[in-house]
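A look at the structure
So you can see what is in the structure, the chains are spelled out below.
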Amino acid sequence: MTIDIETIRRQTPGVREVVHFNNAGAGLMPDRVLDAQIRHLELEARIGGYEATDREAMRIDAVYDSVARLTGAGRDEIALAENATAAWDMAFYSLAFAPGDRILASQVEYAANYVAFLQVAERTGAVVEVIPSNGDGETCPDALAAMIDDRVRLISLTWIPTNGGLVNPAAEIGAVARAHGIPYLLDACQAAGQVPIDVEALGCAVLTATGRKFLRGPRGTGILYMRRDLLRTAEPPTIDHFAAPWVAPDRYELRPDARRFETWENNYAARLGLGAAVDYALDIGIGAIWTRVRALGERLRATLADIPGVHLHDIGRTRCGIVTLSIDGVDPLAAKAALGEQRINVSVSRPSSTLLDARARDLPPVIRASVHYYNDEDEIARFAAAIAALRRMKGPRP
Ligand SMILES: Cc1ncc(COP(=O)(O)O)c(C=O)c1O
C-alpha cells in the first residue's frame, strides 16, 4: 500500500504554515481530527455537555474499538487517559513490590518512568537495575535473559526513546519476559502511529502511548493497554465510583475491564479526536506509514551527514523518524529559535529526559528533528539548507 502524499498534505492544514519536524513533540492534526473535536465542542455548547455525550455515545464508545484495532488488543483491555504518563503511572503503581524485588529497565527509559521506579524502590525496598545495551545501542535481549532470576518482578522498555532514532527490539525483549512469566511494561509513546503494534506479538502485559505525537491526535489524550490476566489482579493506585462502582455502604466493586484505571469525568471532544486520529492512521495503513517514516528519517540523516560541522546522534540498526543532531559552535536552543523564525519546527532534547543514556553517551542537549509520513523531500531539503546556513552564520569557521 502506498500513501497518497498530496491528498494527505491537503488534509493537513498545518503544512501550509510550517515545516513541522516536531512530530515527536506533537504531530500536526489532520482536518478530520480537528473537525471531530470542534463538532463535539459545538454540540456541547448548543445542547449541553451531558446531553452531547448521550447523543454521541456510540461514537465515543467506538474509540475503544479503534484503539483495540490499532494495538491488536481486546476492547476490554483498553483504557483511555489524559496522557501517556497518566496511563503508565496507573499501570506501574498498580503493581506490588517487596524488599529485594528487581525492576529491570532499559538504559533509554523516559525520565517520568525512571523517577517512578526510584520512588517505588525507595518506598518498598525494591531495586532498579539497568538492562545493558548491545554494541548497536539497543536494549539487549541476551543481556536481559542473563539477568533473570526469581526476584525479577518487572521488565520495562522504552520502545523508541524520546532522544533519538533508536527502535528497540521490543518483541525480542517480550519473548524473554514471556518465557519467564514476568510482567513486561512497554512504553510505546513514540512508537504509536509510527510503528505497527501487535500486543500479542510484542508479548507485553502493559503498553502505553500518547495521542498527540505520531498518532496526530489531540493533546491531552493517552492510551493504556493491560493484558486480561494482569487486569484480574491489578489494583489501581487510585479509584473513583466509575472505576469501582459503590455497591453497598461498605463495599465497592472494581470494574472487570481496563476502565478500572479511568475516572468518571472526561474530555469527550478530545477522545473523539483521538478516535478520529487512530482511524485515520489505520485507513492509511500503519505498515505504509512505517515504511515512509523510516525512509524519510534516513534521507534526512543522509542529507545532514553531508553538511560539515553537523553531528548525528542516532543509534540502533532500525531507526525511526526521530533524527537528533548537533552543530559545531551552535547552541541548540538558538538553532531552534532561528529555525522557528523560518517557520521550521524542531525541539531540543535535554540530557535530563533520558539521563542514563545521555550520560553513557556523553550527550549534550541535541536538536531533535522528527519527521512523519506527511512530510516530504522538499521540506527535508529546506531544513538541510537552513541547518547549513546556521552553521555558516553561527558556527566556527571551517
Ligand atoms: C518515550 C516517552 N515516554 C513517555 C512520554 C510521556 O508522554 P506524555 O507527555 O503523553 O505523558 C514521552 C513524552 O515525550 C516519551 O517521549
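For the structure given in this document, a descriptive report is provided here.

What counts, and where the lines are drawn
Residues numbered from 1 in each chain as written. Predicted model: local features only at pLDDT ≥ 70, side-chain atom pairs only at ≥ 80, totals over all residues. Heavy atoms only, no water. Helix = DSSP H or I, 4+ residues; strand = E, 2+ residues; numbered from the N terminus. Polar contact = N/O pair within 3.5 Å; in protein donor to acceptor, adjacent residues only side chain to side chain. Contact = heavy atoms within 4.5 Å. Patch = residues over 30% accessible without salt bridge, like charges linked within 9 Å, V, L, I, M, F, W, Y side chains within 5 Å. Areas by Shrake-Rupley, 256 points an atom, 1.4 Å probe, with all protein chains shown as cover. Salt bridge = Lys/Arg side-chain N within 4 Å of Asp/Glu carboxyl O. Buried < 20%, exposed > 50% of the residue type's maximum accessible area, 1.4 Å probe, protein only. Pairing = 2+ DSSP bridges. Right-handed = clockwise from strand over helix to strand, strands pointing away. Near = heavy atom within 4 Å. Nonpolar A, V, L, I, M, F, W, Y, C, P; charged D, E, K, R; others polar. Axes fitted to C-alpha atoms, helices over the stretch in contact; angles between N-to-C directions. Core = buried A, V, L, I, M, F, W, Y, C linked by side-chain atoms within 4.5 Å. Phe/Tyr/Trp six-rings, centres within 6.5 Å; stacked < 30°, edge-to-face > 60°. Lys NZ or Arg CZ within 6 Å of the ring centre and 35° of its normal.

Before going further, it helps to examine the side chain of Thr221. Topologically, Thr221 is positioned in the loop between strand 7 (206-210) and strand 8 (222-226). Only 2.8 Å separates the side chain of Thr221 from the backbone oxygen of Pro218, close enough to count as a polar contact. With residues up to four places along the chain from it excluded, the contact list for Thr221 reads Ala81, Glu82, Asn83, Thr210, Gly211, Arg212, Ala270 and Leu274.

The next thing to look at is a nonpolar patch on the surface. On the surface, a cluster of nonpolar side chains totalling about 380 Å² of accessible area is made up of Ile239, Trp246 and Tyr252. One can find Tyr252 in strand 10 (residues 251-252).

Further remarks concern the pairing of strand 3 (residues 102-106). Counting buried positions along strand 3 yields five of five residues, so the element is predominantly enclosed. Judged by which residues are buried, strand 3 turns out to be covered on both faces: Arg102, Leu104 and Ser106 on one side and Ile103 and Ala105 on the other are all buried. Relative to strand 4 (residues 127-131), strand 3 runs parallel, the two sharing five bridges. The residue of strand 4 that forms the bridge with Ser106 is Ile131. The handedness of the strand 3 to strand 4 crossover, carried by helix 6 (residues 111-124), is right-handed.

Every one of the 13 residues lining the ligand counts as a neighbour, but Thr85, Asp187, Thr210, Arg212 and Lys213 are closest to it. Between Ala84 and the ligand, the recorded distance is 3.0 Å, taken from a backbone N or O atom to an oxygen atom. In the complex, the protein chains occlude 91% of the 390 Å² of accessible area that the ligand would expose alone. Among the residues making up the shell around the ligand, the classes are represented as four nonpolar, six polar and three charged.

The next point concerns the sheet that holds strand 12 (residues 322-327). The strands that make up a sheet are held in pairs by hydrogen bonds between backbone atoms, and each pair lies either parallel or antiparallel. Reading across the sheet, the four strands line up as 11-12-15-14 and stay open at both edges, with antiparallel pairing between neighbours. Every other strand in the sheet has two partners, leaving strand 11 (310-312) and strand 14 (347-349) as the edge strands with one partner each. Each strand axis lies, on average, 40° off the axis of its neighbour in the sheet, ignoring direction. Note: strand 14 against strand 15 (residues 366-370), three bridges, orientation antiparallel.

This paragraph deals with the nonpolar core. Ile155, Trp159, Tyr184, Leu186, Leu207 and Tyr373 are the most contacted members of the largest nonpolar core, which has 60 residues in total. In this structure, Tyr184 is in contact with Ile155, Leu157, Ala170, Ile173, Gly174, Ala177, Leu202, Gly203, Cys204, Ala205 and Val206, ignoring residues within four places of it in sequence. Counting residues in hydrophobic clusters, the runner-up holds 29 residues, among them Tyr114, Ala116, Leu185 and Val206.

Although it is not a glycine, Arg343 sits at a positive phi angle of roughly 60°. Mapping Arg343 onto the fold places it in the loop between helix 13 (332-341) and strand 13 (344-345). The class of Arg343 is partly exposed, set by a relative accessible area of 47%. A positive phi angle, close to 50°, is found at Asp362, a residue other than glycine.

As enumerated under the stated definition, the model contains nine aromatic pairs in all. Ring geometry for Phe92 and Tyr93: centres 5.3 Å apart, planes at 70°, overall edge-to-face. A residue is classified by how much of its surface remains accessible, and Phe92, at 0% relative accessible area, is buried. Geometrically, the ring pair formed by Phe92 and Phe97 is tilted, given 5.7 Å between the ring centres and 40° between the ring planes. Of the two residues, Phe92 and Phe97, both sit in the buried class. A network of ring pairs unites the aromatic residues Trp88, Phe92, Tyr93, Phe97, Tyr114 and Phe117 as a single cluster. Over the face of the ring belonging to Tyr64 we find Arg259, whose NZ or CZ atom lies 3.7 Å from the ring centre.

The next subject is the sheet that holds strand 7. If you trace the seven strands from one edge of the open sheet to the other, you get 2-8-7-6-5-3-4, paired in mixed fashion. Here the strands that pair on one side only, and so sit at the sheet edges, are strand 2 (78-81) and strand 4. Shown here is a sheet whose adjacent strand axes are inclined to one another by a mean of 20°, direction ignored. With four bridges connecting them, strand 2 and strand 8 associate as antiparallel partners. Looking at the pairing, Ala79 lines up with Leu224 of strand 8.

This part is about the environment of Ser94. As for its placement among the helices and strands, Ser94 is situated in the loop between helix 5 (84-92) and strand 3. As a C-alpha pair, Ser94 and Leu231 span 137 residues in sequence and 9.7 Å in three-dimensional space. At 2.6 Å, the side chain of Ser94 and the backbone oxygen of Ala91 are in polar contact.

Attention shifts here to the pattern of salt bridges. The tally for this structure, following the rule as stated, stands at 28 salt bridges. Among the ionic pairs, Glu379 bridges to Arg9, the shortest N-O distance being 3.2 Å. Note that Glu379 is positioned in helix 15 (residues 377-394) and Arg9 in helix 1 (residues 5-10), a separation of 370 residues in sequence. Judged by its relative accessible area of 5%, Glu379 falls in the buried class. With a shortest N-O distance of 3.0 Å, Arg102 and Asp149 are connected by a salt bridge. Linking Arg102 in strand 3 with Asp149 in the loop between helix 7 (141-147) and strand 5 (152-158), this pair joins segments that are 47 residues apart in sequence. The class of Arg102 is buried, set by a relative accessible area of 12%. One connected set of salt bridges, linked through shared partners, spans Asp61, Asp65, Arg75, Arg255, Asp257 and Arg259.

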